[in-house]
Protein chains: 2
Amino acid sequence: MTALAPLESVDAGIIQRVLDGRWHEIRDRSRELAKDARFAVEYGEDTETQRARVLERLQVLAEQGYSSHGFPTRYGGGNEVGASITGFEMLAMGDLSLLVKAGVQWGLFGGAILHLGTEEHHERYLADLMTLRTLGCFAMTESGHGSDVASLRTTATYDPAAEEFVVHTPEPLARKEYIGNAARDGQLAVVFAQLITRGESQGVHAFIVPIRDDEHNAMPGVRIEDCGLKAGLNGVDNGRLYFDEVRIPRANLLNRYGDVAADGTYSTPIENKTARFFTMLGTLVQGRISVAGGAGSATKVALAIAVRYGDTRLQFERPDGAEIVINDYLAHQRTLLPALAKSYALHFAQLDLVAGLHDTTPDLDAPLERDPAEQPGRRELESRAAGIKAVGTWHATRTIQACREACGGAGYLAENRLPGLKADTDVFTTFEGDNTVLLQLVGKELLTGYRDHFGALDWLGTTRFVADAAIESVVERIGGRRILQRLIDATPGRGDDADLLDRAWHLELFDFRETHLLDTLARRLRKAAGADDPFEIFNAAQDHMLAAARAHVDSVLLQSFLQGIERCDDAAERALLEQVCDLFVLSTIEAERGWFAEHGRLTSPRSKAVIAQVDALCAALRPHARVLVDAFGVPDAALAAPIAFS
Amino acid sequence: MTALAPLESVDAGIIQRVLDGRWHEIRDRSRELAKDARFAVEYGEDTETQRARVLERLQVLAEQGYSSHGFPTRYGGGNEVGASITGFEMLAMGDLSLLVKAGVQWGLFGGAILHLGTEEHHERYLADLMTLRTLGCFAMTESGHGSDVASLRTTATYDPAAEEFVVHTPEPLARKEYIGNAARDGQLAVVFAQLITRGESQGVHAFIVPIRDDEHNAMPGVRIEDCGLKAGLNGVDNGRLYFDEVRIPRANLLNRYGDVAADGTYSTPIENKTARFFTMLGTLVQGRISVAGGAGSATKVALAIAVRYGDTRLQFERPDGAEIVINDYLAHQRTLLPALAKSYALHFAQLDLVAGLHDTTPDLDAPLERDPAEQPGRRELESRAAGIKAVGTWHATRTIQACREACGGAGYLAENRLPGLKADTDVFTTFEGDNTVLLQLVGKELLTGYRDHFGALDWLGTTRFVADAAIESVVERIGGRRILQRLIDATPGRGDDADLLDRAWHLELFDFRETHLLDTLARRLRKAAGADDPFEIFNAAQDHMLAAARAHVDSVLLQSFLQGIERCDDAAERALLEQVCDLFVLSTIEAERGWFAEHGRLTSPRSKAVIAQVDALCAALRPHARVLVDAFGVPDAALAAPIAFS
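Rules and cut-offs
- Residue numbers here run from 1 along each chain, matching the order of that chain's written sequence.
- Going through the entries in the order they are written, you letter the chains from A and number the ligands from 1.
- For a predicted model such as this one, the threshold for reporting local features is a pLDDT of at least 70, and the threshold for listing and counting side-chain atom pairs is 80 or more; totals across whole chains, interfaces and linings nevertheless cover every residue.
- In computing side-chain properties, one takes all heavy atoms of the structure into account and sets aside hydrogens as well as water.
- Pairs of strands are assigned from DSSP output, requiring at least two bridges between the strands.
- In DSSP terms, a helix is any run of H or I states spanning at least four residues, a strand is any run of E spanning at least two, and both are numbered starting from the N terminus.
- Partly exposed residues are those whose accessible area sits between 20% and 50% of the maximum for their type, while under 20% is buried and over 50% is exposed, using a 1.4 Å probe and protein chains only.
- In the analysis that follows, any N or O atom pair within 3.5 Å is treated as a polar contact, provided that within protein one partner can donate a hydrogen and the other can accept it, and provided that, for residues neighboring in sequence, both atoms belong to side chains.
- A contact between two residues is defined here by any heavy atoms of the two lying within 4.5 Å.
- All axes are obtained by fitting lines to C-alpha atoms, using only the stretch in contact for helices, and the reported angles, taken between N-to-C directions, cover 0 to 180 degrees.
- C-alpha atoms of residues with pLDDT of at least 70 in both copies form the basis for the least-squares superposition of the copies.
- Here the angle decides the label: under 35 degrees means roughly parallel, over 145 means roughly antiparallel, 65 to 115 means roughly perpendicular, and every other value means oblique.
- When the near helix sits turned anticlockwise from the far one by under a right angle, the crossing is termed left-handed; a clockwise turn instead gives a right-handed crossing.
- Three residue categories are used. Nonpolar comprises Ala, Val, Leu, Ile, Met, Phe, Trp, Tyr, Cys and Pro, charged comprises Asp, Glu, Lys and Arg, and polar comprises the others, including Gly.
- Throughout, buried area stands for the accessible area (probe radius 1.4 Å) lost by two parts on being put together, summed over both.
- The term salt bridge refers to a side-chain nitrogen of Lys or Arg lying within 4 Å of a carboxyl oxygen of Asp or Glu.

Asker: Even after reading the chapter, I still don't get the pairing of strand 12 (residues 314–317) of chain B, so can you show me in this structure?
Answerer: Consecutive side chains of a regular strand alternate in pointing toward one face of the sheet and then the other. With 2 bridges connecting them, strand 12 of chain B and strand 13 (residues 323–325) of chain B associate as antiparallel partners. When the bridges of strand 13 of chain B are listed, Glu317(B) appears paired with Glu323(B).

Asker: What is the right way to look at the side chain of His395(A) in this model?
Answerer: Residues and elements named next belong to chain A. Along the chain, His395 turns up in helix 10 (residues 378–406). Residue classification places His395 among the buried residues on the basis of a relative accessible area of 6%. Side-chain polar atoms of His395 contact the backbone oxygen of Ala339, separated by 3.3 Å. Beyond its immediate stretch of four places on either side in the chain, His395 contacts Thr299, Ala339, Lys342, Ser343 and Leu346.

Asker: What should I look at first to understand the sheet that holds strand 7 (residues 222–226) of chain A in this one?
Answerer: By definition, the strands of a sheet pair up through backbone hydrogen bonds, in either a parallel or an antiparallel sense. Residue and element names in this part refer to chain A. Ordered by their spatial adjacency, 3 strands build an open sheet running 4-8-7, and the pairing between neighbours is antiparallel. Sheet topology places strand 4 (176–179) and strand 7 at the edges, where each strand pairs with a single neighbour. For this sheet the average axis-to-axis angle between neighbouring strands, irrespective of direction, equals 25°. Here 5 bridges tie strand 7 to strand 8 (residues 239–243), and the two strands are oriented antiparallel to one another. From the neighbouring strand, Val222 faces strand 8, where its bridge partner is Phe243.

Asker: For this particular structure, what's the right way to read the relation of the copies chain A and chain B?
Answerer: Of the two same-sequence chains, chain A is brought onto chain B (RMSD 0.0 Å, axial shift 0.0 Å) by a rotation of 180°. The symmetry that links the two subunits is that of a two-fold axis. In terms of proximity to the rotation axis, the leading residue of chain A is Gly594(A), whose C-alpha is 1.8 Å off the axis. Mapped onto chain B, 100% of the interface residues of chain A are again interface residues, and the two copies thus contact each other with one and the same surface.

Asker: How do you make sense of the packing of helix 10 of chain A against helix 11 (residues 418–425) of chain A when you look at a structure like this?
Answerer: Between two packed helices, the angle of one axis relative to the other and the distance separating the axes together describe the packing. Residue and element names in this part refer to chain A. Where helix 10 contacts helix 11, the axes come no closer than 9 Å and their chain directions differ by 160°. If you check the angle between helix 10 and helix 11, you find them roughly antiparallel. In this structure, helix 10 meets helix 11 at a crossing whose hand is left-handed. Residues Thr397, Ile400, Gln401, Cys403 and Arg404 of helix 10 form the contact with helix 11, whose participating residues are Leu418, Leu421, Lys422 and Thr425. Class assignment of the residues belonging to the contact of helix 10 with helix 11 gives a composition of 4 nonpolar, 3 polar and 2 charged.

Asker: How should the sheet that holds strand 7 (residues 222–226) of chain B be read in this particular structure?
Answerer: Residues and elements named next belong to chain B. Here we have 3 strands laid out as an open sheet, ordered 4-8-7, and antiparallel in their pairing. In the strand order of this sheet, the two ends are held by strand 4 (176–179) and strand 7, each with one partner. Taking each pair of neighbouring strands and ignoring which way they run, the sheet shows an average axis angle of 25°. Relative to strand 8 (residues 239–243), strand 4 is paired through 2 bridges, and the arrangement is antiparallel. Paired with Lys176 across the bridge in strand 8 is Leu241.

Asker: Mind showing me how you'd approach the interface of chain A and chain B here?
Answerer: Often, the extent of an interface is quoted as the loss of accessible area on bringing the components together. Contacts between the two partners involve 77 residues from chain A, matched on the other side by 77 residues from chain B. With both sides pooled, the region where chain A packs onto chain B buries about 5,800 Å², and carbon together with sulfur makes up 55% of that total. Looking at the side of chain A facing chain B, the largest losses of area belong to Phe316(A), Tyr412(A) and Glu598(A), adding up to 15% of the total buried there. Between chain A and chain B we count 9 salt bridges in total. One salt bridge in this structure joins Glu323(A) and Arg153(B), with 3.3 Å as the shortest N-O distance. The interface formed by chain A and chain B includes 40 residue pairs in polar contact (both at pLDDT 80 or more). Counted by class, the side of chain A that touches chain B contains 32 nonpolar, 20 polar and 25 charged residues.

Asker: Which parts of the structure should I look at to understand helix 11 (residues 418–425) of chain B?
Answerer: Residues separated by three or four positions in an α-helix point in the same direction, a consequence of the helix having 3.6 residues per turn. Taken across its 8 residues, helix 11 of chain B has 6 buried, putting it largely inside the fold. Of all the residues in helix 11 of chain B, the buried ones are Leu418(B), Pro419(B), Leu421(B), Lys422(B), Asp424(B) and Thr425(B). Lining the buried residues of helix 11 of chain B we find helix 10 and helix 11 of chain A together with helix 5 (96–116), helix 8 (285–310) and helix 10 (378–406) of chain B.

So, in structure tokens, the structure goes:
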């Protein structure tokens, strides 16, 4: 293993510039904003106080122009989606309720009007929602249908006589559930419902429904309930919405991809119902990328607190009587450092994801395209976003938990931030798409490459498709899309497997895992073709599919990590990043070593050598742990925890 | 795999009787008590309301005699330690703050006076602390020395002129930290401090120090701070204590194992300082067993909620259009069922632990023995308690988290209990002994068998001992203590490895893992003998030591599980328990399959077969999941979550 440059020659600032990336300016602005006393970390407030405070903070963000980046210039926006997502990511170092409230208002509510509405809607709503003159909700999820959007039960039936839609909740399980901004502040809701006109259902569409009047009372026919206390994020006023034959004007249909004429005639620029559905859902990708970024920021804060405290906290003594700093213990290093390395991998993947979103989002100032040609790379981006959101939010939950435990009893005190970080981010694994469902999406996308072949979002769509198609060609197509192929071709191997730090071997192993899992998965699902119960076959392979998706995300992370290192020109810092990447790779291989052994890719001595190498990397990186968390650039005001400054 | 009896012929009540065990009466009393409206599950209260409520509930427990079981009859107690711990375990299905407050008052404060004090102290304090006329603290932990009790810095210096001890906090890090009952209610504290008399330190002893006067003000020289908001357990008033030359009468030394005469002469029935220290610390074992039991109960409630909700919650559709219940998904089964199986294993181990504690605790009504002969099995019990506390509390944290996620957004709502269960139990992994430190204790005990050989609780004690001793004989001695040996001898193998459900193979594999890890660990540590820095060698083997301890605990769990099944006489229920045990074993082997492959104990095809077998067991047990959680006997009032009754 190459020895690293001495600690004193490594500059956290240089690494921070690499991590800050393309939208570094908004990161610095956000760090400045964190110093504003109005954003000081608070805890222990009751729900109503917290809700009021978060709304005040949202107002400050609006005044500072934080809301504008993702909207067209003509309505006061900045037309810079990348900056919008990056600013959102930085918010997550501080008040996570504010993050989610901002995401609901500008990302989901505003995003739905922007992407699903037309010029008339933009004209009417965008400026007001940016400045918070209008507060809104994104009412998609239903109690009985969280992940299965195509099966939503709420209806919007067109009445040509009145030229109105009648929005209705036909059963209790069709109530809109967990809707942010609903319990206290929201005036409007974008409601997703089955559009019915002339007796025919045209699938899920979005409608603007006023839920509160000017006196802030619920509108007639609208019932609003408060979801009450949650594990965290109690500054967000989540509520439930029920509609009892609520009438809205025809113009309140967000009609970019589907419209109803005064006489009830339905028209759409995208004839294929499935394609239309997915085009509408495509607007959700921004939310998933934002959640992934937010999870990353919260994880960084937790790691920074735990690493800093671990450098001062003593436990037991050496033979010479000197007390031992807890970061010097191997078990402690193994708790924190592989998680730190993976956070770096996820950060680089997030940079690529945000850039990908920015580059595949049409110019917001250009005239509206109602049947947009798909941007190259957009479909893969959606799959990546799903995968990175799932893996990143699970990583956040696990890592923040590990940091809490690594800080002992001090980590359990609210003042040290870890309880709040854990509780607030916990729901990230199940909202904006449940992680298990998202990983299945990734698996499906990998299997087919063409989602149009699916009848719906459900698993059986996959089963049917896989059974229909010539499976070999699917596998071949996957082969052609191997994510690490280019890097493998560009990285000369050393001809033998002797060196555990040989990057070519890393790439080859990651690629093998992904490709093999996918290949065998496709073969397995093929059996569903003639089966009596294709669900049983699909279900038996569910874990296999999730494993394939995870392997794919690992390849994505490695690719982004290596490309990110390329952007660091300074030798000492680059060498450090290479070693962090080594730890990410080797700890991933270690965690999967049972699988690699089963597939003949790790002999018993080599498998043991991987474990020893992870130990060695932990020891080598331990002196640099503080630099590595400093490079995240968490502002002191967000760090906040007394133990981080002990 | 043997097919199970049809679901309708399995009686949850029969399984519950097996699980309820020896102290089933107090379990039933506790289930009755849960119906009392004063114990209804609450959430969202502010800290002061919660603290007041918990104290009220504690009073009800005292009135109902819950506090009496663990104390001598002559002071109003029940002299039945097993009942005391079992009652405590049941409390954890409801209000976990109450559990901890009760544990502090009667287990730690009361336990210290009972076990470290003499008749005079018993006479003076026991009746009052049982009835809550006196509320007390257990002030052991210091801010700078959480796990390292031998290094505590608080001093109690004897002043023969005044016949008083002077209790003093010499530096801020020596403050007593996280002390339950300190911030609001405590009148007395049992303070652990270095006893100094005639200029010589005699090591850590316990002293009764009044901290509040009759008007509830802090006593002169005592500074009390409130630890403030915590992640959970906010009904417990944790505080910090600083002592500034606080004088207490000589009689306030809890003098069972060490006394100071009026002239300052120190005397002790246990001359060996280390042995004395460990005898005093032995009183902590009851706390660890109680925490393990509490963690188990909270885990059971979480599993019951998740399994019940998973039987009604729908997600996506089958080919015939019927919606799929989420418990039918393999990934969901794999989340819940292996955790459920391990909860059974831990429950049986807990039954044995409580029985072991009860049977090795001297009759509380007998005259006090000041140099008690060690009860047979007591030393092993302490090690078991440490191991099961560590493994059980980590299992609780992981499982409750998994249940929260398995319930989606509903699992994030406070009304559904999972947020509270998670937050309240989170600190269990780091209090009453940090889990990592406890597992090291287990490892050390396994390595040596004789803790008297250690100079202190620190790791280097082990290193030095291991370096000194003839290592081969250590390994031999371990060989003689193999926990599963008797069961292996009694279980006929089938002559080949063909059957993955062959119990003899299970036992052999668990035993091999434990023995091999320990054997190689001992060999590794031997190198520390001539090393320049023995800490480095010890530290490099830390993960190895933790793995050995975990393997040992797995053997303990398997042993208890199998012995527990023996106590079930009904064929259908017994077959079900056998299959739950199969899932516990196979999912453990699956998780460790990388290790088994590295050590030549799992071929690649067999390793894959283990995975398939876990899938098959999940499918087989899925219809019985509800029965298995019903058998925990969680009262409806404790289940409480609306989703559990949907």
